[in-house]
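Working through the structure, step by step
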Amino acid sequence: GAVVSQHPSWVICKSGTSVKIECRSLDFQATTMFWYRQFPKQSLMLMATSNEGSKATYEQGVEKDKFLINHASLTLSTLTVTSAHPEDSSFYICTYLAGVNEQFFGPGTRLTVL
Amino acid sequence: GENVEQHPSTLSVQEGDSAVIKCTYSDSASNYFPWYKQELGKRPQLIIDIRSNVGEKKDQRIAVTLNKTAKHFSLHITETQPEDSAVYFCAATQAGTALIFGKGTTLSVSS
């Protein structure tokens, strides 16, 4: 199957700082990808849909100025959490859309904001 | 938009018993219904999926059924084993769109 990587796998930062998460598809190219976050003991919630070369579409309640998404190539997308606060602590997962329906998941990034 | 409801939230079974998890969806345009198993701290793993032109699909001990009219689909695990213990998520989507997940079911299989 297709391989998706995320970096870093975990990060601890101080409140008010910014954190960048990279999501790469290693052996395929995809135009569309998605960012999800998962709070402890909860489900995956869609944050945004991103198409290469276009501005991301954010879900209701997700601040686009706080969660900056850059999708400049078919194999790399980044999510920057700006001015992070403890309530942003979560598990962030990217997925790439391959074909019509199938999505390949990155391994996730555990963000802890102190 | 799509909304997916999943039940039960927790399920405890004895090893060897069957487990059934049910989901309903709201958007009749959804046509792809995957099921994921997630272990603590890891990404969800696709275990089985079904498309809207199929009513049932089976893969060894795992099966999924889909009722398009009623907009519900179910995961069936037979002969459960302790290693089946995990959180299971159903999801619904249509071509080119994001997965919308149910809230998850924590399955515990005791030996």
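Residues numbered from 1 in each chain as written. Chains lettered and ligands numbered in written order. Predicted model: local features only at pLDDT ≥ 70, side-chain atom pairs only at ≥ 80, totals over all residues. Heavy atoms only, no water.

**Overview of the overall build of chain B**
Of regular secondary structure, chain B possesses zero helices and eleven strands. Secondary structure of chain B in N-to-C order comes out as β-β-β-β-β-β-β-β-β-β-β. For chain B, whose C-alpha radius of gyration is 13 Å, the value lies close to the compact-globule estimate of 13 Å for 111 residues. Its C-alpha atoms put chain B at 40 × 30 × 20 Å along the principal axes. Within chain B, the fraction of its 111 residues that count as buried is 42%. A separation threshold of at least 6 residues defines the contact pool for chain B, and within that pool the share at least 24 residues apart is 52%. When the accessible area of chain B is evaluated, it comes to approximately 5600 Å², of which 46% is carbon and sulfur surface. Counting 11 positive and 12 negative side-chain charges, chain B places the centres of these two groups 5 Å from one another. (Helix = DSSP H or I, 4+ residues; strand = E, 2+ residues; numbered from the N terminus. Rg over C-alpha atoms; globule rule 2.2 N^0.38 Å. Buried < 20%, exposed > 50% of the residue type's maximum accessible area, 1.4 Å probe, protein only. Contact = heavy atoms within 4.5 Å. Areas by Shrake-Rupley, 256 points an atom, 1.4 Å probe, with all protein chains shown as cover. Lys, Arg positive; Asp, Glu negative; His and termini not counted. Charge placed at Lys NZ, Arg CZ, Asp CG, Glu CD.)

**Digging into the pattern of salt bridges**
For the coordinates displayed, the defined rule picks out six salt bridges over all chains. With a shortest N-O distance of 3.7 Å, D65 of chain A and K64 of chain A are connected by a salt bridge. With relative accessibility at 60%, the residue D65 of chain A sits in the exposed group. A salt bridge links E39 of chain B to K37 of chain B; the nearest nitrogen and oxygen atoms lie 3.9 Å apart. (Salt bridge = Lys/Arg side-chain N within 4 Å of Asp/Glu carboxyl O.)

**Quick look at unusual backbone geometry**
In the segment running from H7 of chain A into P8 of chain A, the intervening peptide bond is cis, with an omega of 0 degrees. Relative to the elements of secondary structure, P8 of chain A occurs in the loop between β1 (4–7) and β2 (10–13). Residue H7 of chain B is joined to P8 of chain B through a cis peptide bond whose omega torsion reads -5 degrees. For P8 of chain B, the position within the fold is in the loop between β1 (4–7) and β2 (10–14). Here K71 of chain B, not a glycine, exhibits a phi torsion of approximately 55 degrees, which is positive. As for its placement among the helices and strands, K71 of chain B is situated in the loop between β7 (62–67) and β8 (72–77).

**As for the interface of chain A and chain B**
Across the contact, 20 residues belong to chain A and 21 residues belong to chain B. For chain A, the biggest contributors to the area lost against chain B are S43, N101 and F105 of chain A; these three give 37% of the whole. The interface formed by chain A and chain B contains seven residue pairs in polar contact (both at pLDDT 80 or more). The biggest single contributor to the side of chain A that touches chain B is strand β4 (residues 32–38) of chain A, with four residues. (Buried area = accessible area lost by both parts, 1.4 Å probe. Polar contact = N/O pair within 3.5 Å; in protein donor to acceptor, adjacent residues only side chain to side chain.)

**Structural notes on the nonpolar core**
Of all hydrophobic cores here, the largest spans 25 residues; its most connected members are W35 and L111 of chain A. Core analysis: the second largest hydrophobic core is formed by 24 residues, V13, I21, W35 and L107 of chain B among them. (Core = buried A, V, L, I, M, F, W, Y, C linked by side-chain atoms within 4.5 Å.)

**Quick notes on the sheet that holds strand β3 (residues 19–25) of chain A**
All names here are of chain A. Spatial ordering of the open sheet is given by β1-β3-β8-β7, a layout of four strands whose pairing is antiparallel. Both outer strands of the open sheet, β1 and β7 (67–70), are each paired with one neighbouring strand and no more. Geometrically, the sheet is characterised by an average inter-axis angle of 15 degrees between neighbouring strands, direction not taken into account. Bridge count between β7 and strand β8 (residues 76–81): four bridges; the pairing is antiparallel. Bridge pairing in β8 places I69 opposite L79. (Pairing = 2+ DSSP bridges. Axes fitted to C-alpha atoms, helices over the stretch in contact; angles between N-to-C directions.)

**Section: the packing of aromatic side chains**
Within the structure shown, the criterion is met by eleven aromatic pairs over all chains. Taking the centre distance of 6.4 Å and the plane angle of 40 degrees together, the rings of F67 of chain A and Y92 of chain A count as tilted. One end of the pair, F67 of chain A, is in strand β7; the other, Y92 of chain A, is in strand β9 (residues 90–97), and 25 residues separate them in sequence. No difference in accessibility class separates F67 of chain A from Y92 of chain A, as the two residues are buried. Pairing W35 of chain B with F73 of chain B gives two aromatic rings, centres 5.6 Å apart and planes at 65 degrees, and the pair type is edge-to-face. Highlighted residues: W35 of chain B in strand β4 (residues 32–38) and F73 of chain B in strand β8, separated in sequence by 38 residues. Among the residues examined, W35 of chain B registers a relative accessible area of 0% and is labelled buried. With relative accessibility at 0%, the residue F73 of chain B sits in the buried group. An aromatic cluster is present here, built from Y36 and F105 of chain A together with Y36, F89 and F101 of chain B joined pairwise through their rings. Just above the ring of F67 of chain A sits the side chain of K66 of chain A; from NZ or CZ to the centre is 5.9 Å. (Phe/Tyr/Trp six-rings, centres within 6.5 Å; stacked < 30°, edge-to-face > 60°. Lys NZ or Arg CZ within 6 Å of the ring centre and 35° of its normal.)

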